[in-house]
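Below, each chain spelled out in residue letters.
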Amino acid sequence: MYYQEYFKNVNDTLEAVLEQETGKIQQAGAILAEVLKGDGLLYVFGCGHSHMLAEELFYRAGGLAAVYPIFETSAMLHEGAAKSSQIERMSGYAPLVMERYPISEKDCLLIASTSGINPFGMEVAEYAADRGARVMGISSFAYLEKPSRRADGKHLPDVCHLCIDNHVPVGDATIQVREDGTKAGPVSTIATLAIANSIVLTACELLKEQGVEPQVFRSGNCPGTDEYNARMLERYMPRIRHL
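Given the structure is predicted, the values throughout are model-derived calculations rather than measurements.

Asks: Quick question: what am I supposed to make of the packing of aromatic side chains here?
Replies: Counted according to the given criterion, the structure contains seven aromatic pairs. Between phenylalanine 58 and tyrosine 59 the ring centres are 6.3 Å apart and the planes differ by 50°, which places this aromatic pair in the tilted class. The class of tyrosine 59 is partly exposed, set by a relative accessible area of 46%. Each ring, one from tyrosine 93 and one from phenylalanine 120, has its centre 5.6 Å from the other, and the planes form 70°; the classification is edge-to-face. Of this pair, tyrosine 93 sits in the loop between helix H4 (81-88) and helix H5 (94-98) while phenylalanine 120 sits in helix H6 (residues 119-130), placing them 27 residues apart in sequence. By relative accessible area, which is 22% here, tyrosine 93 ends up partly exposed. Its end group placed over the ring of tyrosine 127, arginine 131 keeps NZ or CZ at 3.6 Å from the ring centre. Here arginine 241 stacks its cationic end above the ring of tyrosine 101, 4.4 Å away from the centre of that ring.

Asks: Can you walk me through the nonpolar core in this structure?
Replies: Here is a general trend for soluble globular proteins: nonpolar side chains tend to be buried in one another's company. In terms of nonpolar packing, the biggest core is built from 66 residues, with Leu32, Leu42, Leu57, Leu109 and Leu110 touching the most fellow members. When residues of this core are assigned to their parent elements, the largest contribution, eight residues, is made by helix H7 (residues 188-209).

Asks: Can you walk me through the pattern of salt bridges in this structure?
Replies: Pairs can form between side chains of opposite charge once their charged atoms are near each other. One pass over the structure, following the stated rule, counts nine salt bridges. Where arginine 178 meets aspartate 180, a salt bridge forms, and the shortest distance between an N and an O atom there is 2.9 Å. Using a relative accessible area of 52% as the deciding quantity, one classes aspartate 180 as exposed.

Asks: Even after reading the chapter, I still don't get empty space enclosed by the protein, so can you show me in this structure?
Replies: Counted according to the given criterion, the structure contains two cavities of 30 Å³ or more. Lining the largest cavity, in full, are Phe45, Gly46, Cys47, Ser50, Glu88, Ile111, Ala112, Ser113, Asn118 and Gly121. For the lining of the largest cavity, the secondary-structure elements that each account for two or more residues are strand S1 (42-46) and strand S3 (108-112). In terms of residue class, the lining of the largest cavity is built from four nonpolar, five polar and one charged. Counting residues per element, the lining of the second largest cavity draws most heavily on H7, which supplies three residues. Per-class residue counts for the lining of the second largest cavity are eight nonpolar, no polar and no charged.

Rules behind the numbers
Residues numbered from 1 in each chain as written. Predicted model: local features only at pLDDT ≥ 70, side-chain atom pairs only at ≥ 80, totals over all residues. Heavy atoms only, no water. Phe/Tyr/Trp six-rings, centres within 6.5 Å; stacked < 30°, edge-to-face > 60°. Buried < 20%, exposed > 50% of the residue type's maximum accessible area, 1.4 Å probe, protein only. Helix = DSSP H or I, 4+ residues; strand = E, 2+ residues; numbered from the N terminus. Lys NZ or Arg CZ within 6 Å of the ring centre and 35° of its normal. Core = buried A, V, L, I, M, F, W, Y, C linked by side-chain atoms within 4.5 Å. Salt bridge = Lys/Arg side-chain N within 4 Å of Asp/Glu carboxyl O. 1 Å grid on protein atoms, 1.4 Å probe; cavity = no way out; pocket = protein on both sides within 12 Å on 5 of 7 lines; lining within 4 Å. Points joined across faces, edges and corners; volume = space filled by probe spheres on them. Nonpolar A, V, L, I, M, F, W, Y, C, P; charged D, E, K, R; others polar.

Remember that the coordinates give geometry; whether it matters functionally is a separate question.
Right, here's the structure in full:
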């Protein structure tokens, strides 16, 4: 059955990440822990479906309070899916977006692009790096053999201080459902979010080892958590406008 094959593909992808990317995940977690210990923020960005990375990490049960999502609606799907793809391929637009975010050398950026070939995401990464922030990426290294849409031929790993391979195949989808070879069953979101949460957990573990309590939201749907979360909001709301 297709869905059984899909579950196997998901498991195989996650196993590849666990076996081959553990070192980089630990490095990324150490960067994030250092930023959090210095009262910095984790900025998060992705275009199209990679935008879900920001949704996953921001203001959620079990999520860090010090997360600043870069919500650029033109690069999301709800204001025009085809348009978002065109925006992602544009060069020169990212600085207009990023100048509204006070990212600095105290902070770090986590950016996801499975293909890693489009200018917008790479220019976001470069903007952050130019302001001293440490830039971590999540991308599929399978695309490094594919042409970039940037004039200089760079891919996302080329403009990040650290980039983690999500081991997603070119095309993302994994199950052939048409005679012409068309596939369904993408795995990039699951792999990318698993990596992101692994980075967060690594940072939390390192902070605990240093005697620092991680600032993490609790579920608002459990009794007695409103007061706890209110303290988090009081601390970070003045610094993160989307709160």
